[in-house]
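# Observations on chain architecture
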Amino acid sequence: MEIGWRENPFFSLQNSLPDINRIVLFELVKLTGFSQIYVQLLLCLPSAHLSAELGELVQHVTRNSTEEDVRVLLEVWWELWKGRWGRQEEDDLDKVFTNRWTSLTNTTGLSPQAAKRFKSDPETSTSSSSTTDVLSILFHALEEMKEHLSTSDLCYRALTNCLDSLYTSHLIDQAIILPAEVQLQSLTSTVTVRKRHAGIEKFDLVQVISEARSDLKAAHTPSLFKPCGMTLMQALQTVSQLTQAWEKRGLLEMTDSGDPSDLTRRLKNSLTRVLESLEERSMSETMNEGERQTLNNVQSTLRGLFVSLSFPDTESNAGEMAHIAVAIINHRLEGFQDFTMLFATELSWSLSMEEWISCLERNKNAFQRKDIVMKLVSTLIAKCQMDSEVEHCRKLKDIIVNIFAELPLTEKNTTLAEMLTCSKRGLQGSLPLAVMEGFSEELNMTFNCIIQGGSVQNNLSLAVAAIARVAFQNPEATLRRCCHLAVVNHGAHSLLSNILQQLSGLRGGAPGCTEGTGSSAGSLLCSCLQDTAMTKLSSAKEEDQFLHFLVALMQPSISESLERGQSFLHPEEVVCAFVLPHLSPSSGYSTCSLELCLRLLHSAFSLESQDPSPHWVMNCSPFPLLYVLCQILNEGCRCWELPVEGAPCHLSTESKEMLVTVLTALGKVVGREVASAPNTWSRALFWLYNKVEALDWTVRFHLKVVWGDHFKNEVPSSLLAVCELPEQEWSGLKLAQYGQGTGLLAWMECCALSDEVQNTMLTSLALDQHRPDDVNMFSKGLLVAVTQTLPWCTVAEWGRLLRAMRELLRSGRLHVPYSLEYVDFLPLLDLRPFSGELRLSVLLLRVLQLLCGSSCKDWLPGQGWAHVGLLYASAMREVIDSLRGKLSPSSSNTSPKDSKVERAATTTASQEVLFVLSQLFCHVQHVQVMMPGGQCESLFLCALEILTHYEAVLATHPSSSSHLEIENTRHFFTTITDNLESAEMKAVLHQKIAQLSSSG
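Keep in mind it's a predicted model, so treat the numbers as computed, not measured. (Residues numbered from 1 in each chain as written. Predicted model: local features only at pLDDT ≥ 70, side-chain atom pairs only at ≥ 80, totals over all residues. Heavy atoms only, no water.)

We now examine the packing of aromatic side chains. For the structure shown, the criterion picks out 19 aromatic pairs. Note on phenylalanine 546 and phenylalanine 578: the rings are 5.6 Å apart at their centroids and 75 degrees apart in plane angle, and the pair reads as edge-to-face. Highlighted residues: phenylalanine 546 in helix α28 (residues 540-554) and phenylalanine 578 in helix α29 (residues 571-578), separated in sequence by 32 residues. Phenylalanine 578 matches phenylalanine 546 in its accessibility class, with the two residues each being buried. Ring plane angle 80 degrees and centroid distance 5.3 Å describe the contact between phenylalanine 686 and phenylalanine 711, whose orientation is recorded as edge-to-face. Here phenylalanine 686 is found in helix α34 (residues 678-691), whereas its partner phenylalanine 711 is found in the loop between α36 (704-707) and β1 (713-716), with 25 residues between them in sequence. Taking relative accessible area as the criterion, phenylalanine 711 reaches 15% and is therefore assigned buried. The rings of Phe686, Tyr689, Trp707 and Phe711 are connected pair by pair, giving a single aromatic cluster. A cation sits over an aromatic face here: arginine 332 above phenylalanine 336, 5.4 Å from the ring centre. (Phe/Tyr/Trp six-rings, centres within 6.5 Å; stacked < 30°, edge-to-face > 60°. Helix = DSSP H or I, 4+ residues; strand = E, 2+ residues; numbered from the N terminus. Buried < 20%, exposed > 50% of the residue type's maximum accessible area, 1.4 Å probe, protein only. Lys NZ or Arg CZ within 6 Å of the ring centre and 35° of its normal.)

With that settled, consider the nonpolar core. As a rule of thumb, soluble globular proteins bury nonpolar side chains together. In this structure, Phe343, Phe472, Ile499, Leu583 and Leu629 are the most contacted members of the largest nonpolar core, which totals 144 residues. With nine residues, helix α32 (residues 622-634) is the single largest residue contributor to this core. Sequence-distant contacts of phenylalanine 472, that is, excluding residues within four places in its chain, are made with Val373, Val377, Ile400, Val401, Phe404, Thr415, Leu416, Met419, Gly426 and Leu427. With 98 residues, the next largest nonpolar core counts Phe701, Leu719, Phe921 and Ala943 among its residues. (Core = buried A, V, L, I, M, F, W, Y, C linked by side-chain atoms within 4.5 Å. Contact = heavy atoms within 4.5 Å.)

Our focus in this paragraph is the pattern of salt bridges. Scanning the model with the defined rule gives 37 salt bridges in all. As a salt-bridge pair, lysine 30 and glutamate 27 come within 3.3 Å of each other at their nearest N and O atoms. Residue lysine 30 and its partner glutamate 27 are both found in helix α3 (residues 22-32); the two are separated by three residues, about one turn of the helix. Given the relative accessible area of 15%, lysine 30 is considered buried. Aspartate 881 is the salt-bridge partner of arginine 884, the closest N and O atoms lying 3.9 Å from each other. Of this pair, arginine 884 and aspartate 881 both sit in helix α43 (residues 862-886), three residues apart, roughly one helical turn. Relative accessible area serves as the criterion here: at 53%, arginine 884 is assigned to the exposed category. Overall, the relative accessible area of 45% leaves aspartate 881 in the partly exposed class. It is possible to trace a salt-bridge network through shared partners that takes in Glu79, Lys82, Arg194, Glu211, Asp215, Asp262 and Arg265. (Salt bridge = Lys/Arg side-chain N within 4 Å of Asp/Glu carboxyl O.)

The next point concerns unusual backbone geometry. One non-glycine residue, asparagine 64, lies in the positive phi region at around 55 degrees. As for its position among the elements, asparagine 64 is in the loop between α5 (47-61) and α6 (67-82). Here the phi dihedral of arginine 332 falls at roughly 50 degrees; this positive angle occurs in a residue that is not glycine. Tracing the chain through its elements places arginine 332 in the loop between α17 (318-330) and α18 (337-344).

Now for empty space enclosed by the protein. Evaluated as defined, the whole model comprises one cavity of 30 Å³ or more. Here the largest cavity is characterised by a volume of approximately 90 Å³. Lining the largest cavity we find Tyr689, Trp697, Arg700, Phe701, Leu703, Lys704, Trp707, Lys712, Asn713 and Glu714. Of all elements in the fold, only α35 (697-701), α36 and β1 reach the threshold of two or more residues within the lining of the largest cavity. Ranked by the residues each element gives to the lining of the largest cavity, the list is headed by α35, at three residues. The residue inventory of the lining of the largest cavity, partitioned by class, reads five nonpolar, one polar and four charged. (1 Å grid on protein atoms, 1.4 Å probe; cavity = no way out; pocket = protein on both sides within 12 Å on 5 of 7 lines; lining within 4 Å. Points joined across faces, edges and corners; volume = space filled by probe spheres on them. Nonpolar A, V, L, I, M, F, W, Y, C, P; charged D, E, K, R; others polar.)

Tracing the sequence through the fold places serine 240 in helix α14 (residues 232-248). For serine 240, a relative accessible area of 6% puts it in the buried group. For serine 240, the contacting residues outside a window of four places in its chain are Val298 and Thr301.

Moving on, we come to the environment of leucine 416. Along the polypeptide, leucine 416 turns up in helix α22 (residues 409-422). When the C-alpha positions of leucine 416 and glutamine 473 are compared, they lie 9.5 Å apart, and in sequence the two are 57 residues distant. Those residues within four positions of leucine 416 in sequence are excluded, and the remaining contacts are Phe404, Ala468, Ala471, Phe472, Leu503, Gly505 and Leu506.

Structural data, given as structure tokens:
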């Protein structure tokens, strides 16, 4: 046999399931008490086969019946109702047996009738015949055997089976979930009664609890066997007849009402359930007269039986219930999860502190649920308030923290969020200091390990878990330490922001601004960040770290703990907490500098908004914010001035450019919202328009994207005299400072505002190029306008003006004659390709000559002249870059003839570039000498840069100048440089010029 099944391919066909002598099988089951095993075998069969096998058993036990036969029938009956011993599905062995049984019965002809009735769907496979209805088979069997029941216990068990079977088959359609406390009371009562009757020697607590739990579940779960051959009324009539028959024989009379057995208790509970359900059914359903009469008779019989079971319910004290719960949890019995919450709360007072904590410590993984953790926290707080021993409370606290540490990340975040709603200081805010002793050391050690560990992915997961652990004990202290380290530890902001992105439970309150104050509402993180900004930002480096930390927290997250696209710190919170309170002119001393506020705003607007319309900024008082930004811009024309000590706001040149960028970005967002809902925002729009009327017209022009079609572009009336602008979009303002002849000044100011406005100004300029006098007057007027505009420009605005001047030079509308005032002899060179660079340099020279002249030299203080020098130097560097682009490098992949021609052309081009560079050097030195103070560092560095480029061209093209020409150039440059006032600058330039001559 052992070898045959391995080697013989026909073994499975030749050796089917052996024939079974059912009489022997049934007697064996009766003798050994293996009813449970027999039922497990039956439950593996298809429903029709199960009914057939059950019919075989019934035929056997109803023939020459004895009480032992009745006991076997009742045991099998109830085991069928209990099902697969708590298993929800068949295991693999059951499935193999079922498939094998089905295959053999269908192919070998075993049980042919059953095989014909079998279908794959168990619910449709049952026949309407009573011979295949399990409930009908069992009820009829009991009717046949009723005379063979001679003890009260058998009668109680039989009636209990009947009542629970009809209840679960006819009266409920879904499982009834009993509260954990009710379940525990029932289990405790069962255990108490069985222990009293069985004695301690024969008592197995775990087995008794398992059986009681199984009985309780079977009595409240819809039956696996749907009735198809016996109606509810038929079943009730059968129960009624059995009850009456056994009552007549005196088998249902209690002998000791003071000490009821477990079977008596079960019968009373079954009667209670059935009577309550029948009462509800009789009131909700319509019945004919006969059915109602039958139902009333049955109810009367059952009520009489219920009254006869007059014994008080077994009361279970809290201590017994707690010990039963401990046993269930310790042994992980079925449904132990239902009792963990009860054990964590009410039952904690029913055991000694040591015993309760011991069970909790042994079974930590059984309590790993976020709601149980919070209940344990409540219990811990209550025990601390009851003056429990500190050592016990400290141990309990450690156990709870360890349980929390094992929760999944999502449940950790939910728990942290709930903890924040209770106290921002977590456990430390609710427990005595003695219980939380050692937390500060744990906090320090946690962050030290994280900072030293770096941001490797594995370390990141460990770091998140470690931060969550200390945050559970004190969220506020943890967030404060995060913010502190993000500022003072270089590079730590990236790691800490990654950690916080994983811990969404620490986000705190919803983003928003408190009405009337503009401050952040309800965010613990914002509060900690504000404290850090107030106490830790002592240097520019720390301010940068702080900014990068906030920006990282505002980035849309891709972590599992946050919804995709959601940020840990919403930009709205940042604006409300760190921008609005510190931008107002009345805010006085400001925690955050103006530059930091602008950088935060710029960063917030740079993030892609994930929110649907309206944009989040519409919750941040957008129109007052626009007005305040315009006010700051209006007062920032002298941005090159040094800040006054104690001044709340100072706008540097860089800050002014960022302010314009922020104002434009904010205007675009608000403009879109106004366009989408004009009726909603019309009042606020007119309020803003009226407020900015007192500001400079160039500042108001930045709100063009906000106005949309509501208001025209308002410019000085003098501008309309030099531009042809449509009246539908443009209107003139009569401004005192813009009188007759100031049109080009307004035109230049418009060109500096934005690229879009500059293009409009260039295309609409009213200038007749066929009239030389007009071009000449325009060129002179533009020179004056540039002189008036230059000192107040930022680098970006000056760049726009340079582009406008290049376009005017290219198109011939701006006439700038080039004079050879720095040349002794006429150079025989083709300077036409460089006319743009030369004329622009001369134009800037004329502007600086006018600005440094006697009529204008008192306009600016020293900082203003330094700013002018910086702008002039930046313009000259652009000219130098343009020159470098026009000097092509020599090629090595050409023929000798072509190479010779190319070398000649390159030599000529290099001579021209050298000439232009020499002119630029003279212009820069001329301006340096004219500049008040004569020590402008920007111009000095620009002169050095020109000499460096001159030297590089000579080194690349040595044939472009002879030794005599180089010597003359050196002498010429030295003579020009001698006019400088600064001895240090002259010495450096002389040294550089000497190197220039030696390179030739």
